[in-house]
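Architecture and fold: a report
In case you want the letters, here they are:
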Amino acid sequence: MGNWIINNGLSSFILVVWMGINIVLFAWFYQFYDLGDQYFYTRHLLGSALAWARAPAAVLNFNCLLILLPVCRNLLSLLRGSFVCCGRTMRKQLDKNLSFHKLVAYMIALMTAVHLIAHLLNVEWYNNSRRGGYDELSTALSNLADSGPNSTYLNPIRSTDIDAQQTPTYFVFTTIAGLTGVIITLALILIITSSMEVIRRSYFEVFWYTHHLFVIFFAGLVFHGAGFIVRKQLTTDPVHNLTFCKDRFDDWGWIPECPVPQFGGGPAQTWWWVIGPMVLYICERVLRFIRYTQAVTYRKIVMHPSKVLELQLMKDGFKMEVGQYVFLNCPAISQLEWHPFTMTSAPEEDFFAVHIRSAGDWTDKLIDIMQQLPEGTQGPKMGVDGPFGTASEDVFDYEVSMLVGAGIGVTPFASILKSIWYKFKISNPKLRTRKIYFYWICRETHAFEWFADLLQVLEREMEERGMADFLTYKLYLTGWDQGHATHAWVHSDEDTDVVTGLKQKTHYGRPVWDKEFEQVRKENPTSVVGTFLCGPAVLAKVLSKKCAKYSDVDPRKTKFYFNKENF
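Residues numbered from 1 in each chain as written. Predicted model: local features only at pLDDT ≥ 70, side-chain atom pairs only at ≥ 80, totals over all residues. Heavy atoms only, no water.

Right, let's get into the overall build of the protein. Broken down by element type, the protein carries 20 helices and 14 strands. Residues counted as buried form 48% of the 567 residues belonging to the protein. Sequence separation of at least 24 residues holds for 75% of the intrachain contacts in the protein that already meet a minimum separation of 6. Just so you have it, the protein exposes about 27600 Å², and 61% of that area is on carbon and sulfur atoms. (Helix = DSSP H or I, 4+ residues; strand = E, 2+ residues; numbered from the N terminus. Buried < 20%, exposed > 50% of the residue type's maximum accessible area, 1.4 Å probe, protein only. Contact = heavy atoms within 4.5 Å. Areas by Shrake-Rupley, 256 points an atom, 1.4 Å probe, with all protein chains shown as cover.)

This is the structure:
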């Protein structure tokens, strides 16, 4: 439990607080609408469905306030910089922004379902009350304000001219609350279904475009409450005495103790909750547009094996840190699509670089465009938004770091290793890190080629400075055929690896993580070890458990902190 608290304690506390606020809001508003005297007559028409509709609405308001904040990336980068003075545990929470975004979205979906079902029942009961299907008090309440100023009614269904079976449908599609509710629900269904992992991975464009239905969702949300479907009793002079008058509806307006009850809706409150996040998000988009208009020039375009494209770009005033990422937009492919890519260059270089693997329609089109360019010419216009902070920024805050990359997930660590090389070159005294373990897991041999040159330079640099033990790296090949295995076996006695040309030989298969963590703990018995992953969620679960398993609660002994890249 102590080991688990080291890595997950603050995250769990934040989730408990968030869930607690949701529960308190639901319980308070449920009680307010279920017991409040101003809703006594409304409850007589609708029963407990009134409270079941309004309590989820309050939770929805709270979560709609939160849903945009985790995707305000400039805000998160600003906060990450502000938390430099705080502990690394606090900054780690910002790296879980997308996980929290998804969690909030699930809560919105659940509360929307409850809110929707309750209001469908409410409309049905409003209709039945209006047509005299219940007791006499329900009929009397539904007939209020049929004469005189038609604004103090209780039952929002004002006409019985339409067929009874068609009235609920007509009401839903002809009122502000009903129509916006339909639009909001359809937008939410499309957003959530297109966000499933299988669609996001295989059809990113579908995910990207449908996710922008959030504009319609929030617009509908702001106007949804303006329909005033749920109405409360207003204070009158003289006061309408509920206890005395509820059974004397025939005397309403005829005796002083029982004036005709007056009802009103509103005010609409949702916009109070969402206006702040909406303004922040609009500022994010304005900043993105400003960055988009800034000129970006190509320094170098390189096509690596395994359909990996390297772009070296230059932009005035651009400053980065290790492990950060940018969003790229290529108008020649799509005016609207922005895709995240980790930078592989170091902050010490006068350009920034990204490596782009063929992984979908957008990347395939970009690679095709670059391959068809004449030698030495500039590429198509490229918009760049960023840079944005990630977990890898903290790598130099640890005495010992374990870097784990899977496939193209090695890109943030390319930036880190390059920066280390520059720091050693100028003998940077601020370098706190004294040991790095680097693991790269790849499916095919060609994937190693573009990165092997950097490792060779680092290998040679460490040896020349007598620091060969500073960097321990292990490359794992998970896919090979019999011919390759035979070739590797024949050349096993050579000084350099047959795959990479490095002195460190390639391992075949996957790492045995218990063995690796045990080795790191043994070699660093009193260190704080940062474990950084850029790779699949399955591997993240494994490494997170290993960090908890091999951490020691004793502050004098080894502790592992898990960090994962999120885009």
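Inspection of the entire model under this criterion finds 1 disulfide. Not engaged in a disulfide, the cysteine Cys283 finds its nearest cysteine sulfur in Cys72; these two sulfurs lie 8.9 Å apart. (Disulfide = S-S within 2.5 Å.)

Before going further, it helps to examine the sheet that holds strand E13 (residues 528–534). Strand pairing in a sheet takes place through backbone hydrogen bonds and is either antiparallel or parallel in direction. Reading across the sheet, the 6 strands line up as E12-E11-E10-E9-E13-E14 and stay open at both edges, with parallel pairing between neighbours. Edge strands, defined here as strands with exactly one partner in the open sheet, are strand E12 (507–508) and strand E14 (559–564). By the bridge criterion, 7 bridges tie strand E10 (residues 435–442) to strand E11 (residues 471–477) in an arrangement that is parallel. The residue of E11 that forms the bridge with Cys442 is Leu477. Of the strands in this sheet, strand E9 (400–406), E10, E11 and E13 are in contact with helix H16 (residues 411–425), which crosses E9 at around 140 degrees. The sheet contacts of helix H19 (residues 513–523) involve E9, E10, E11, E13 and E14, and relative to E10 the element is tilted by about 170 degrees. (Pairing = 2+ DSSP bridges. Axes fitted to C-alpha atoms, helices over the stretch in contact; angles between N-to-C directions.)

Okay, the pattern of salt bridges next. Side-chain pairs of opposite charge can arise where the charged atoms are in close proximity. Counted according to the given criterion, the structure contains 8 salt bridges. Note that Lys549 and Asp514 form a salt bridge whose closest N and O atoms lie 3.1 Å from each other. In this pair, Lys549 sits in helix H20 (residues 537–550) while Asp514 sits in helix H19, placing the two residues 35 residues apart along the sequence. One salt bridge in this structure joins Glu518 and Arg521, with 3.1 Å as the shortest N-O distance. With Glu518 and Arg521 both in helix H19 and 3 residues apart, this pair spans about one turn of that helix. Overlapping salt bridges, with partners in common, bring together Arg288, Arg291 and Asp385 in one network. (Salt bridge = Lys/Arg side-chain N within 4 Å of Asp/Glu carboxyl O.)

On to the sheet that holds strand E4 (residues 308–314), then. Taken together, the 3 strands give an open sheet; going across it, the order is E3-E4-E7, and neighbouring strands pair in antiparallel fashion. Every interior strand has two partners, whereas the edge strands, strand E3 (297–304) and strand E7 (352–357), have only one. If you compare each strand with its neighbour and ignore which way they point, the axes differ by 20 degrees on average. Note that E4 and E7 share 6 bridges and pair antiparallel. Among the inter-strand pairings, Leu311 is bridged to a residue of E7, identified as Val354.

Take the nonpolar core next. Within the largest apolar cluster, 52 residues are counted, with the highest numbers of intra-cluster contacts made by Tyr41, Ile108, Leu141, Phe217, Phe218 and Trp252. Broken down by element, the residue count for this core peaks at 10 residues, all from helix H3 (residues 49–67). Not counting chain neighbours up to four residues away, the residues in contact with Ile108 comprise Leu60, Asn63, Cys64, Ile67, Leu188 and Phe217. If you look at the next biggest cluster of nonpolar residues, it comprises 28 residues, including Phe396, Leu431, Phe438 and Val528. (Core = buried A, V, L, I, M, F, W, Y, C linked by side-chain atoms within 4.5 Å.)

Residue position: Phe217 is located in helix H12 (residues 214–224). Look at Phe217 and you get buried, because its relative accessible area is 6%. Taking the C-alpha atoms as reference, Phe217 lies 7.3 Å from Ile183; in sequence the two are 34 residues apart. Leave out the neighbours within four places in its chain, and Phe217 touches Cys64, Ile108, Ile184, Ala187 and Leu188.

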